[in-house]
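# Examining the three-dimensional arrangement
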Amino acid sequence: MFEFFSSDCCDECCRSCTRRAVCVSGIILSGLIFSAVTMLLVLAFSPKQPPITRDCRTPKNGSGFLCDDQVTRIPPSDLCNGAPNCPSGADEDQHMCSDLPNNLPDNLVFHCGNPHFWIFTDQKCNFINNCGDCSDEIGMCTFFYAPYSHNSQFFVHYCLVTILCFWVDSSCPSCGAEWWACTPVDYQYCDCIPRSLCQDSRQHCFDWSDEYMCIKG
């Protein structure tokens, strides 16, 4: 009798514990579902923040990059250089810097005459040959090829190819007061050299004007 009573008591106790566990689990699960649904509704109907506008003008009135604080403005060439210039480090954003120049704003990129090269816009018109072909300083020449036919009683018909060059000006200002206009022999310059190079007993201009005409700055 004692053993039978003890077994019934335990069975009843276990069934009661199981019901309580199932009940508690159901309450917890319902709470989690309710919280998830509430969060989704909040995200769906909360007002969306407008995208941050990065376009700005730098203190030198050039195209710049506006930081997250909407106050700090940095020149394009300070982007993705490994040294954060924005307070939040937005100028070194991993996604933006992972694929240059494709992930950069278009207004910060200048494409050189050679389509394989590009520079930041603040490196254009600075009297330095940053593109390597001077397209960032004096413009670029776009080539077109046109067939040319010639007939002669002495020669069979043959065809020549003529090259037509259409010059596209870079719209850069002329050499400033600290520069001397000439055709440089140095690769790093395009149509002028720094006056600091004048009268240094070395040829920097093809016509030697840097030695005989230019006044050292």
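Fair warning: this is a prediction, and the values are worked out from it, not measured in the lab.

### A short note on the layout of surface pockets
- Approximately 180 Å³ is the volume attributed to the largest pocket.
- Around the largest pocket, the lining residues are Thr58, Lys60, Gly62, Ser63, Pro75, Pro76, Thr121 and Asp122.
- Partitioned by chemical class, the residues of the lining of the largest pocket number two nonpolar, four polar and two charged.

### What about unusual backbone geometry?
- Along the chain, leucine 100 connects to proline 101 via a cis peptide bond; the corresponding omega equals 0 degrees.
- Following the sequence through the fold, proline 101 ends up in the loop between α2 (94-98) and β4 (109-111).
- Despite not being glycine, asparagine 61 has its phi angle at roughly 65 degrees, a positive value.
- Here asparagine 61 is to be found in the loop between β1 (55-57) and β2 (63-66).
- Of note, cysteine 134 is a non-glycine position whose phi angle comes to about 65 degrees, a positive value.
- With respect to the helices and strands, the residue cysteine 134 is situated in the loop between β5 (118-120) and β6 (140-150).

### What to know about the environment of glycine 132
- By the element assignment, glycine 132 lies in the loop between β5 and β6.
- In this structure, the C-alpha to C-alpha distance between glycine 132 and tyrosine 187, residues 55 residues apart in sequence, is 7.9 Å.

### Considerations on the sheet that holds β2
- With respect to topology, three strands assemble into an open sheet ordered β1-β2-β3, the strand pairing being antiparallel. Each edge of the open sheet is held by one strand with a lone partner, namely β1 and β3 (73-74).

### Quick notes on the confidence of the model for the protein chain
- Averaged over all residues, the pLDDT of the protein chain is 79; the fraction at 70 or higher stands at 65%.
- Contacts of residues 1-7 to residues separated by more than four positions or lying in other chains number zero contacts, the stretch itself having pLDDT below 50.
- Within the model, the stretch residues 154-158 combines pLDDT values under 50 with six contacts to residues more than four positions away or in other chains.

### Concerning the side chain of serine 209
- Tracing the backbone shows serine 209 in helix α3 (residues 209-212).
- A polar side-chain atom of serine 209 sits 2.9 Å from a polar atom in the side chain of tryptophan 180.
- Within the structure, serine 209 has its side chain in polar contact with the side chain of aspartate 207 (distance 2.8 Å).
- Sequence-distant contacts of serine 209, that is, excluding residues within four places in its chain, are made with Trp180, Cys182 and Cys214.

### Re the packing of aromatic side chains
- As enumerated under the stated definition, the model contains three aromatic pairs in all.
- For the ring pair tryptophan 118 and phenylalanine 120, a centre distance of 5.1 Å and an interplane angle of 80 degrees mean the geometry is edge-to-face.
- Among the residues examined, tryptophan 118 registers a relative accessible area of 26% and is labelled partly exposed.

Cut-offs applied
Residues numbered from 1 in each chain as written. Predicted model: local features only at pLDDT ≥ 70, side-chain atom pairs only at ≥ 80, totals over all residues. Heavy atoms only, no water. 1 Å grid on protein atoms, 1.4 Å probe; cavity = no way out; pocket = protein on both sides within 12 Å on 5 of 7 lines; lining within 4 Å. Points joined across faces, edges and corners; volume = space filled by probe spheres on them. Nonpolar A, V, L, I, M, F, W, Y, C, P; charged D, E, K, R; others polar. Helix = DSSP H or I, 4+ residues; strand = E, 2+ residues; numbered from the N terminus. Pairing = 2+ DSSP bridges. pLDDT = per-residue confidence, 0-100. Contact = heavy atoms within 4.5 Å. Polar contact = N/O pair within 3.5 Å; in protein donor to acceptor, adjacent residues only side chain to side chain. Phe/Tyr/Trp six-rings, centres within 6.5 Å; stacked < 30°, edge-to-face > 60°. Buried < 20%, exposed > 50% of the residue type's maximum accessible area, 1.4 Å probe, protein only.

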